[in-house]
Amino acid sequence: MTPNKSKYLFSGILAAVIWGFFAIPLRSLKSYPSEQILYYRIFTSLAVIWLTIFLFRRKEFNKDWSYFKSRSAKEKKTILIQIIGATVLLVLNWYTFIYAINNISIKSGAFAYMVCPLITAFGGFVILKEHLYRIQIIALLLATASILMLATGSLIEVAWSVIIAALYAFYLIIQRKMQGLDKLNVLALQITIAVLLMLPFFIYQHTELPTEASFWFNVVLIAVLFTVVPLFLSLFALIGIPSSTLGIIIYINPIIAFTVAIVYFNEKIDIHQLMAYLLLLFAVFLFNWNMIKDMLTFKRKH
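I'm lost on the overall build of the protein in this one. Help?
Helices and strands together make up the secondary structure of the protein, namely 14 helices and zero strands. Mapped from its N terminus to its C terminus, the protein presents α and β elements in the order α-α-α-α-α-α-α-α-α-α-α-α-α-α. Projecting the C-alpha coordinates of the protein onto the three principal axes gives extents of approximately 45 × 45 × 40 Å. Taking all 302 residues of the protein together, the buried fraction comes to 45%. As displayed, the protein offers around 16,000 Å² of accessible surface, 71% of which is attributable to carbon and sulfur atoms. Side-chain charges of the protein comprise 25 positive and 12 negative groups, with the mean position of each set lying 12 Å from the other.

Structure, rendered in structure tokens:
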């Protein structure tokens, strides 16, 4: 792999590593309601992302605005429906993830992002009519078996994991259908819509503005280090490496998250859960086998 390619690969790996530690600042906010964390994460992310676009990406934003204006009325309507639909899924994903980490278990959040790419692939197969190889279908069946195994042990944990994963999977499917627009600009618009959607709830539920320095430190940390920065790194990585490669790299995230849950937060894992997690890990490996084989072949040739 050339030095030029290496920096893109490193960016993708760094994004996945950062996301793997997301539970640490979230758990620091455990005493606050999940919706309050969500409100301030969205509000802070809005300020950060628009400031970033204004300072560094005005050219890309103007290009997207010209592209949107050049579309027909029907195409504009489709784009807006897709953006709003994706926004609702993203906000629900953020809320359920925050709630699960702070009220269910960190393992449930980690498991969600292990199974999420498989649900995304299944959704792409059913909705977008994307092709799946026989080995990938077998992998999906094994993943389903691992979910059922976990469900016999802790139905609540698994239910939350599948809900989180499904929300993000369908968000990704909608994102995949949206062509011609810069992903960061789309995210900025989605966060703007999310703020508009959340404002009535925020005003209705509004209590005193948090004054604790630790609250604002962790909220800003989440908005900058765990939202905007890894997204930038992922987008940068996609310039030089295939999305399939990035798809495999993303699995670093739940592996680190599981380690953080067990080692840092002392969450218990029994033999039943361990077997289910190992089965899912094997399913993930099997599902991505063709890509892994191609990457290994490419590496040997170069």
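Having put the structure on the table, let's press on.
What exactly am I supposed to notice about the packing of aromatic side chains here?
Centre-to-centre distance and the angle between the planes together describe a pair of aromatic rings. Using the criterion set out here, one finds 17 aromatic pairs in the structure. When the ring of Phe43 is compared with that of Phe202, the centres are 5.1 Å apart and the planes differ by 85°; the resulting orientation is edge-to-face. Of the two residues, Phe43 is situated in helix α3 (residues 34-56) and Phe202 in helix α9 (residues 183-205); the sequence distance between them amounts to 159 residues. Here the guanidinium or amino end of Arg41 rests over the ring plane of Trp94, the centre of that ring lying 3.9 Å away. Positioned over the ring face of Phe54 is Arg58, at 4.6 Å from the centre of the ring.

Explanation requested: the side chain of Ser146 in the structure shown.
On the secondary structure map, Ser146 appears in helix α7 (residues 134-153). Overall, the relative accessible area of 0% leaves Ser146 in the buried class. A polar side-chain atom of Ser146 sits 2.7 Å from the main-chain carbonyl oxygen of Ala143. Beyond its immediate stretch of four places on either side in the chain, Ser146 contacts Phe111, Ala276, Leu279 and Leu280.

Help me out: how do you make sense of the packing of helix α5 (residues 73-103) against helix α6 (residues 106-127) in this one?
Packed helix pairs are characterised by how far apart their axes lie and by the angle those axes make with each other. In the contact formed by α5 and α6, the axes pass within 7 Å of each other and the chain directions differ by 140°. Regarding the angle of α5 to α6, the classification is oblique. Each of Asn93, Phe97, Ala100 and Ile101 in α5 lies in contact with α6, whose residues at this interface are Ile106, Ser108, Gly109 and Tyr113. Grouping the amino acids of the contact of α5 with α6 by side-chain chemistry returns five nonpolar, three polar and no charged.

About the cut-offs
- Residues numbered from 1 in each chain as written.
- Predicted model: local features only at pLDDT ≥ 70, side-chain atom pairs only at ≥ 80, totals over all residues.
- Heavy atoms only, no water.
- Helix = DSSP H or I, 4+ residues; strand = E, 2+ residues; numbered from the N terminus.
- Buried < 20%, exposed > 50% of the residue type's maximum accessible area, 1.4 Å probe, protein only.
- Areas by Shrake-Rupley, 256 points an atom, 1.4 Å probe, with all protein chains shown as cover.
- Lys, Arg positive; Asp, Glu negative; His and termini not counted.
- Charge placed at Lys NZ, Arg CZ, Asp CG, Glu CD.
- Phe/Tyr/Trp six-rings, centres within 6.5 Å; stacked < 30°, edge-to-face > 60°.
- Lys NZ or Arg CZ within 6 Å of the ring centre and 35° of its normal.
- Polar contact = N/O pair within 3.5 Å; in protein donor to acceptor, adjacent residues only side chain to side chain.
- Contact = heavy atoms within 4.5 Å.
- Axes fitted to C-alpha atoms, helices over the stretch in contact; angles between N-to-C directions.
- Parallel < 35°, antiparallel > 145°, perpendicular 65-115°, else oblique.
- Nonpolar A, V, L, I, M, F, W, Y, C, P; charged D, E, K, R; others polar.

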